[in-house]
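Residue-level listing of the chains:
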Amino acid sequence: MARFLLRRLAGTLLTLWLASAVVFVALDLLPGNAAQVMLGETATPQAVQALERRLGLDRPPLERYLGWLQGLLRGELGVAVSYEAPVAELLRERMAVTLPLAALAMAATTLLALGLGVYAASRHGRLGDVGVMAASQLGIALPSFWLAILLVLLFSVQLQWFPAGGFPGWTEDAGGGLLEGLRALLLPALALALVQAAILARITRAAVLEVLREDFVRTARSRGLSPRQVLWRHVLRNALLPVLTVMGLQFANLLTGTVVIENVFSLPGLGRLSFQAIANRDLVLLRNLVMLLAALVIAVNLLVDLAQAAVDPRLRARG
C-alpha cells in the first residue's frame, strides 16, 4: 500500500507541475502584450510600461515562471489588478462558497445516481427500469442553467421556499449563518446535480447489471441472503470501480459548471470570480484561479484513485 501511495503522490506532483507550465505558457507567453490586453487598446504607452514593470513582465520568462512557482508554494500570489486586493485573499473568500456548493452537488449526485441506478438494475427490463432510463435521458438533454431558471421560478418565485439568489455568508456577523448558507446553496447544487446524476445513474445501472451476472452473486443468493442484501452488500461494492472513475470526472464538471450557475444565482464563488477576471482582463487573477481549479481537480482524482484501491485490492497489488 505504501508503494501504491508513493507512486500516486509522485504522479500527482508531476501533473501539478505540468499544469502550472501549461497555465503559464497559455496566459503569459502567447503572442501579444499581456499588459496591453489588461489595460485595453486605449491605454497610453507609459501606462502599459508601468504595468509591465509592476507585473514583472519586463523580466525573462523563466525567471517569471520560477518566481510564480515560489509564490504558489508560499501562498503569495500577487495582487489582482482589477480588485487592488491580494489574490490569495480573494481566492480564500470565494472558495468558502464554491467548495461547499460543489460538495453539496456531488453528495446529491451520488445519492440520486446510486439509488436510481441500483433500482433500475434490480428491475431490468421492467417498468421501473424504463422509467429511470427515460428520466435520465431527459436529464442529460437539459442544460444546467435552464434547470436553474426552472428551479428559481418554482421554488423561489412561486412557492417562495428558497432565495432566488445571493449568499448571506456562513457566520451571523456577516448576516447569515450555517442554515442560511446551506439554504442559499441548495437550489444551485440541485441544478448542478440533476444533470450529473442522470449520467452517473446510467453508468451505475450498467455496472450493476454486469456484476449481477457473476458467479459469486448466485453463491450469495444460495446462502439465503435477501435480494436487498445481495445488491447493496455485494453487488454494489464490486460495481463501484467505473462509478468512482466517472465521479472523479464529474467533480471537474461541477467546478466548471459553477461559472454559469454562480452567475445565475449571483453567488460570490470561484466561478463568478473567473467570469469577472475574464471580463476585467485580469490575467494575474485568472492565472492563479485556473491553477487553483486544476489543483482541485487533480486532488480529487487522487482521492478517487485511493478510493478505488480501497475497494479493489488488486489495484494496490498492480500499483
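Residues numbered from 1 in each chain as written. Predicted model: local features only at pLDDT ≥ 70, side-chain atom pairs only at ≥ 80, totals over all residues. Heavy atoms only, no water.

Visitor: Would you take a moment to explain the overall build of the protein chain for this structure?
Guide: The helix and strand inventory of the protein chain stands at 13 helices and two strands. Across its three principal directions, the C-alpha atoms of the protein chain cover 80 × 55 × 35 Å. Residues counted as buried form 41% of the 319 residues belonging to the protein chain. Of the contacts formed within the protein chain by residues at least 6 apart in sequence, a portion of 71% connects residues at least 24 apart. Surface accessibility of the protein chain: about 17200 Å² in total, with carbon and sulfur atoms responsible for 64%. For the protein chain, the centre of its 28 positive side-chain charges and the centre of its 20 negative side-chain charges are spaced 14 Å apart. (Helix = DSSP H or I, 4+ residues; strand = E, 2+ residues; numbered from the N terminus. Buried < 20%, exposed > 50% of the residue type's maximum accessible area, 1.4 Å probe, protein only. Contact = heavy atoms within 4.5 Å. Areas by Shrake-Rupley, 256 points an atom, 1.4 Å probe, with all protein chains shown as cover. Lys, Arg positive; Asp, Glu negative; His and termini not counted. Charge placed at Lys NZ, Arg CZ, Asp CG, Glu CD.)

Visitor: Explain the environment of Ala184 to me, please; I cannot follow it from the model alone.
Guide: Its location among the elements puts Ala184 in helix H8 (residues 178–212). Its relative accessible area of 7% is what places Ala184 among the buried residues. In sequence terms Ala184 and Pro227 are 43 residues apart; their C-alpha atoms lie 39 Å from each other. Leave out the neighbours within four places in its chain, and Ala184 touches Pro163, Gly166, Phe167 and Pro168.

Visitor: Help me out: how do you make sense of a nonpolar patch on the surface in this one?
Guide: Together, Phe145, Trp146, Ile149, Leu150, Leu153, Val157, Val260 and Val264 give the surface a local cluster of nonpolar side chains, amounting to about 650 Å² of exposed area. Elements represented by at least two residues in the nonpolar patch include exactly helix H7 (144–158) and helix H10 (227–264). Tracing the chain through its elements places Ile149 in helix H7. Using a relative accessible area of 40% as the deciding quantity, one classes Ile149 as partly exposed. (Patch = residues over 30% accessible without salt bridge, like charges linked within 9 Å, V, L, I, M, F, W, Y side chains within 5 Å. Salt bridge = Lys/Arg side-chain N within 4 Å of Asp/Glu carboxyl O.)

Visitor: I'm lost on the nonpolar core in this one. Help?
Guide: Nonpolar side chains in soluble globular proteins tend to be buried together. Within the largest apolar cluster, 69 residues are counted, with the highest numbers of intra-cluster contacts made by Leu91, Val208, Val235 and Leu285. Among the elements that take part in this core, H10 stands out by supplying 14 residues, more than any other. Ignoring anything within four residues of it in the chain, the contact list for Val208 reads Val118, Ala121, Leu231, Val235, Leu236 and Ala239. Ranked by size, the runner-up nonpolar core spans eight residues in total, among them Val23, Phe24, Trp68 and Ile298. (Core = buried A, V, L, I, M, F, W, Y, C linked by side-chain atoms within 4.5 Å.)

Visitor: Is there a simple way to explain the pattern of salt bridges in this structure?
Guide: Two side chains carrying opposite charge are able to pair once their charged atoms lie near each other. All told, the structure shown has three salt bridges when counted by the stated rule. Here Glu76 makes a salt bridge to Arg74, at a shortest N to O gap of 3.2 Å. Like Glu76, the residue Arg74 is exposed in the burial classification. Between Arg205 and Asp129 there is a salt bridge, and its shortest N-O distance comes to 2.7 Å. Here Asp129 lies in helix H6 (residues 127–141) and Arg205 lies in helix H8, a separation of 76 residues in the sequence. Pair check on accessibility: Arg205 and Asp129 agree, each one buried.

Visitor: Would you take a moment to explain unusual backbone geometry for this structure?
Guide: Most peptide bonds are trans, and most residues other than glycine sit at a negative phi. Backbone geometry at Glu84 places phi at a positive 55°, although glycine is not the residue there. In this structure Glu84 comes out as exposed when scored by relative accessible area, which is 54%. Located in the positive-phi region is Gln160, a residue other than glycine, with phi close to 60°. Within the secondary structure layout, Gln160 lies in the loop between H7 and H8.

Visitor: Please clarify how helix H11 (residues 270–279) should be interpreted in this entry.
Guide: When we look at burial in H11, the residues that qualify are Leu270, Gly271, Leu273, Ser274 and Ala277. When H11 is viewed along its axis, its buried side chains cluster within an angular range of 160° and face the same direction. After H11 finishes, the residue Arg281 shows a positive phi value of roughly 60°. (Arc of directions from axis to C-beta.)

Visitor: Would you mind showing me how to read the packing of H7 against H10 here?
Guide: Helix packing geometry: the angle between the two helix axes and the distance between the axes. For the pair H7 and H10, interaxial distance at closest approach is 10 Å and the crossing angle is 25°. Relative to H10, H7 is oriented roughly parallel. Where H7 crosses over H10, the two elements pack in a sense that is right-handed. Contact with H7, carried on its side by Ser144, Phe145 and Ala148, involves Val260, Ile261 and Val264 of H10 and no other residues of that element. (Axes fitted to C-alpha atoms, helices over the stretch in contact; angles between N-to-C directions. Parallel < 35°, antiparallel > 145°, perpendicular 65-115°, else oblique. Left-handed = near helix turned anticlockwise from the far one by under 90°.)

Visitor: How do you make sense of the packing of aromatic side chains when you look at a structure like this?
Guide: The geometry of an aromatic ring pair is captured by two quantities: the separation of the ring centres and the angle between the planes. Scanning all chains against the criterion turns up six aromatic pairs. Each ring, one from Phe155 and one from Trp161, has its centre 5.9 Å from the other, and the planes form 40°; the classification is tilted. Between the aromatic rings of Phe155 and Phe162, the centroid separation amounts to 6.3 Å while the plane-to-plane angle is 75°, which identifies the pairing as edge-to-face. A connected cluster of aromatic rings, assembled from ring pairs, spans Phe24, Tyr65 and Trp68. (Phe/Tyr/Trp six-rings, centres within 6.5 Å; stacked < 30°, edge-to-face > 60°.)

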